[in-house]
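# Topology and contacts: notes
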Amino acid sequence: MTGVTILDLKDYRHLQKEIRTIDEELEWIYFPVASPNGKTSGSRGSEPSDPTARAVRKAARLKERRARLQAKVEAIDWWLLNLEDHQLAAICRERYVLGKSWAEVSLDVCGSDNFSTARMIVVRHFGSA
């Protein structure tokens, strides 16, 4: 991922959230929670194969997906860290990584009460915000 797009930035927090969800699901696969009656929680699959083999296949697919998502996150992080326009980097970090409003970003980064100040800097770079 050489060039980061506005869609990549907008997707950043969703990528992070999905990575956390995958981590939780993998933890559940490896360490299932036992119910009070001693049986592990979960439902029976419709597949007649070995449940351990199904869990191993699912864990492998989850790990592959997590690796792809992590690569995207790392590419965005690298882009932000190496961006020559430091004001644009700060705006993108506050808006898309931290999830602040345009008004907060404009005030924090640009020192402006006008919410569109920071947004217009992003629009000039990407063509949209």
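Residues numbered from 1 in each chain as written. Predicted model: local features only at pLDDT ≥ 70, side-chain atom pairs only at ≥ 80, totals over all residues. Heavy atoms only, no water.

Now for the overall build of the chain. Within the chain, the regular secondary structure consists of five helices and zero strands. Secondary structure elements in the chain, listed N-terminal to C-terminal, are α-α-α-α-α. Taking the contacts inside the chain whose residues are at least 6 apart along the sequence as the reference set, 56% of them involve residues at least 24 apart. Accessible area of the chain: about 8,700 Å², with a carbon and sulfur share of 54%. (Helix = DSSP H or I, 4+ residues; strand = E, 2+ residues; numbered from the N terminus. Contact = heavy atoms within 4.5 Å. Areas by Shrake-Rupley, 256 points an atom, 1.4 Å probe, with all protein chains shown as cover.)

This part covers the side chain of Glu-94. Within the secondary structure, Glu-94 sits in helix 3 (residues 86-97). Discounting residues that sit within four places of it in the chain, Glu-94 has contacts with Gly-99, Lys-100, Glu-104, Val-105, Asp-108 and Val-109.

To continue, consider the nonpolar core. By size, the foremost hydrophobic cluster in this structure holds 30 residues, and its most contacted members are Leu-9, Trp-79, Cys-92, Tyr-96 and Val-122. Elements that contribute at least two residues to this core include exactly helix 1 (6-30), helix 2 (51-82), helix 3, helix 4 (102-110) and helix 5 (116-126). Once you skip the residues sitting within four places of it in the chain, Cys-92 turns out to touch Leu-9, Trp-79, Leu-80, Val-97 and Phe-126. (Core = buried A, V, L, I, M, F, W, Y, C linked by side-chain atoms within 4.5 Å. Buried < 20%, exposed > 50% of the residue type's maximum accessible area, 1.4 Å probe, protein only.)

Further remarks concern helix 2. With 32 residues, helix 2 should reach 46 Å at 1.5 Å per residue; the first-to-last C-alpha distance of 46 Å fits that figure. If you check which residues of helix 2 are buried, you get Ala-59, Leu-62, Leu-69, Val-73, Ala-75, Ile-76, Trp-79 and Leu-80. (Expected span 1.5 Å × (residues − 1).)

This part covers the packing of aromatic side chains. Going through the model one piece at a time under the given rule, you end up with two aromatic pairs. Seen in terms of ring centroids, Tyr-96 and Trp-102 are 6.1 Å apart; in terms of plane orientation they differ by 85°. Their pairing is edge-to-face. Note on accessibility: Tyr-96 and Trp-102 belong to one class, buried. (Phe/Tyr/Trp six-rings, centres within 6.5 Å; stacked < 30°, edge-to-face > 60°.)

On to the side chain of Ser-112. In this fold, Ser-112 is placed in the loop between helix 4 and helix 5. Separated by 3.1 Å, the side chain of Ser-112 and the backbone nitrogen of Asn-114 make a polar contact. In contact with Ser-112, not counting residues within four places along its chain, are Ser-106, Leu-107 and Thr-117. (Polar contact = N/O pair within 3.5 Å; in protein donor to acceptor, adjacent residues only side chain to side chain.)

Packed helices, taken two at a time, are described by the angle their axes make and the gap between the axes. Their axes nearest at 9 Å, the elements helix 2 and helix 3 cross at an angle of 150°. Relative to helix 3, the crossing made by helix 2 is left-handed. On helix 3, the residues touching Trp-79, Leu-80 and Leu-81 of helix 2 are Ala-89, Cys-92, Arg-93 and Val-97. (Axes fitted to C-alpha atoms, helices over the stretch in contact; angles between N-to-C directions. Left-handed = near helix turned anticlockwise from the far one by under 90°.)

Every buried residue of helix 4 is accounted for by Trp-102, Val-105 and Ser-106. For helix 4, the arc enclosing every buried residue in end-on projection is 100°, short of the 170-degree limit, so these residues lie on one face. Downstream of helix 4 by a residue or two, Gly-111 has a phi angle that is positive, lying close to 70°. (Arc of directions from axis to C-beta.)

Moving on, we get to the packing of helix 4 against helix 5. At a closest axis distance of 7 Å, the pairing of helix 4 and helix 5 adopts a crossing angle of 85°. Considered as vectors, helix 4 and helix 5 are oriented roughly perpendicular to each other. Taken together, the residues of helix 5 that come into contact with helix 4 (itself represented by Trp-102, Val-105, Ser-106 and Cys-110) are Ser-116, Thr-117, Ala-118, Arg-119, Ile-121 and Val-122. Its residues assigned to classes, the contact of helix 4 with helix 5 comprises six nonpolar, three polar and one charged. (Parallel < 35°, antiparallel > 145°, perpendicular 65-115°, else oblique. Nonpolar A, V, L, I, M, F, W, Y, C, P; charged D, E, K, R; others polar.)

In short, the description is geometric, and any link to function would need to be established separately.
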